[in-house]
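# Per-entry structural report
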Amino acid sequence: MGNTTSSAISKEILEDLKLSTKFTETEISQWYENFQKQCPTGRISPEEFEQIYTRFFPESDAKSYARHVFRSFDTNDDGTLDFKEYIIALHMTSTGKTTRKLEWAFSLFDVDKNGYINKTEVTEICQAIFKLIPKEEQCKLPEDENTPEKRANKLWSYFEKKDNERLAEGEFIKGVIENENAMRLIHYEPVKQ
């Protein structure tokens, strides 16, 4: 029936996505159609993802942040995003519970994918986040977070770890949930005009 053409989503993927997200069958099917139009190969490359991401931050340098986001979404490490990875990522970053979003944020900060975050990784992601912030907004930031390094130092201090220590996922989630400023520092939200 509907699964005989390559443009239809498989029942297995559809059922899996309905269980692991809050999206309806209709929403998933519509996204799949759109995904197929935008990505006829059924996969998004890192370069395509960067182009998509850059549209959301036209006044900023979103490339390095987009590369880290892509890495965190590419759960099977094949260097591309398939539809399932794309939808789960969309769910986790938009409609997921705070804990799920923080699990994703941890994977974003865990640059080497070893299951821990260290201060170097925090600094690397803070540098990428900082590039998202337009220059005119950067000059309005508080003194203790007006550079990527200061932002990383401030964020790291909330976890009460020494510079050479590492942070497990549970500690990261707990530290961010318990501190509103940490929550703000782990991402960039454009100022609404």
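Just so you know, these numbers come straight off a predicted model, no measurement behind them.

It is worth spelling out unusual backbone geometry at this point. Its identity is not glycine, yet Asp 77 carries a phi of approximately 55°, on the positive side. Residue position: Asp 77 is located in the loop between helix H4 (63-73) and strand E2 (81-82). The exposed category is assigned to Asp 77, whose relative accessible area is 53%. The phi dihedral of Lys 113 is positive, around 55°, even though this residue is not glycine.

Let us look at the layout of surface pockets. Of the volumes computed, that of the largest pocket is approximately 1,200 Å³. If you list the elements that add at least two residues to the lining of the largest pocket, you get helix H2 (25-38), helix H3 (46-56), H4, helix H5 (83-94) and helix H6 (98-109). No other element matches the 7 residues that H3 contributes to the lining of the largest pocket. Here the lining of the largest pocket is composed, by residue class, of 24 nonpolar, 7 polar and 4 charged. Of the voids in this model, the second largest pocket is the one considered here, and its volume is about 250 Å³. What lines the second largest pocket is a set of 14 residues, among which Ser 72, Phe 73, Thr 75, Trp 104 and Ser 107 lie closest to the centre.

The biggest cluster of nonpolar side chains holds 50 residues, and the ones touching the most others in it are Phe 49, Tyr 65, Phe 109, Leu 155 and Phe 172. Among the elements that make up this core, the one with the highest residue count is helix H7 (residues 119-132) (7 residues). Excluding residues within four positions of it along the chain, Phe 172 makes contact with Leu 102, Ala 105, Phe 106, Phe 109, Ile 117, Phe 159, Leu 167 and Ile 186.

Two side chains with opposite charge may pair up if their charged atoms get near one another. Inspection of the entire model under this criterion finds 15 salt bridges. Note that Arg 100 and Glu 103 form a salt bridge whose closest N and O atoms lie 3.5 Å from each other. In this pair, Arg 100 and Glu 103 are both assigned in helix H6, 3 residues apart and thus about one turn of the helix distant. With relative accessibility at 31%, the residue Glu 103 sits in the partly exposed group. We note a salt bridge from Lys 119 to Asp 163, for which the minimum N-O separation is 3.2 Å. In this pair, Lys 119 sits in helix H7 while Asp 163 sits in the loop between helix H9 (148-157) and strand E4 (166-168), placing the two residues 44 residues apart along the sequence. Residue classification places Lys 119 among the buried residues on the basis of a relative accessible area of 14%.

Relative to the elements of secondary structure, Asp 78 occurs in the loop between H4 and E2. We classify Asp 78 as partly exposed; its relative accessible area is 36%.

Moving on to the side chain of His 68. Note on placement: His 68 falls in helix H4. By relative accessible area, His 68 is classed as buried at 10%.

The N-to-C vectors of H2 and H5 enclose an angle of 125°; their axes lie 11 Å apart at closest approach. Relative to H5, the element H2 lies oblique. Two packed elements cross with a definite hand, and for H2 against H5 that hand is right-handed. For the pair H2 and H5, the contacting residues are Ile 28, Trp 31, Tyr 32 and Phe 35 in the first and Phe 83, Tyr 86, Ile 87 and Leu 90 in the second.

Rules used in this analysis
- Counting restarts for each chain: residues are numbered from 1 in the order of the written sequence.
- Two thresholds apply to this predicted model, a pLDDT of at least 70 for residue-level local features and 80 or more for giving and counting side-chain atom pairs, whereas whole-chain, interface and lining totals are computed over all residues.
- Side-chain metrics rest on all non-hydrogen atoms present in the structure, leaving aside hydrogens and water.
- Secondary structure is summarised from DSSP: a helix means a run of H or I of at least four residues, a strand means a run of E of at least two, and numbering begins at the N terminus for each.
- Whether a residue is buried, partly exposed or exposed follows from its accessible area with a 1.4 Å probe, protein chains only, as a fraction of its type maximum: under 20%, in between, or over 50%, in that order.
- Here the term cavity refers to a set of points on a 1 Å grid, laid over the protein atoms alone, in which a 1.4 Å probe fits but cannot get out; the term pocket refers to an open set having protein on both sides within 12 Å along at least five of seven lines, with lining residues being those that place an atom within 4 Å of a point.
- Grid points are joined across faces, edges and corners, and a volume is the space filled by probe spheres set on the points.
- Each residue receives one of three labels: charged for Asp, Glu, Lys and Arg, nonpolar for Ala, Val, Leu, Ile, Met, Phe, Trp, Tyr, Cys and Pro, and polar for the others, Gly being one of them.
- Definition used in this section: a nonpolar core is a set of buried Ala, Val, Leu, Ile, Met, Phe, Trp, Tyr and Cys residues joined via side-chain atoms within 4.5 Å.
- Pairs of residues are marked as contacts when any of their non-hydrogen atoms sit within 4.5 Å.
- Put simply, a salt bridge is a Lys or Arg side-chain nitrogen that is within 4 Å of an Asp or Glu carboxyl oxygen.
- The axes used here are C-alpha line fits, helices contributing only the stretch in contact, and every angle between their N-to-C directions lies in the interval 0 to 180 degrees.
- Note on angle classes: values under 35 degrees are labelled roughly parallel, values over 145 roughly antiparallel, values of 65 to 115 roughly perpendicular, and the remainder oblique.
- If you view the pair so one helix is near and one far, a crossing is left-handed when the near helix is turned anticlockwise from the far one by less than a right angle, and right-handed when it is turned clockwise.

That's the geometry; what it means functionally is another story.
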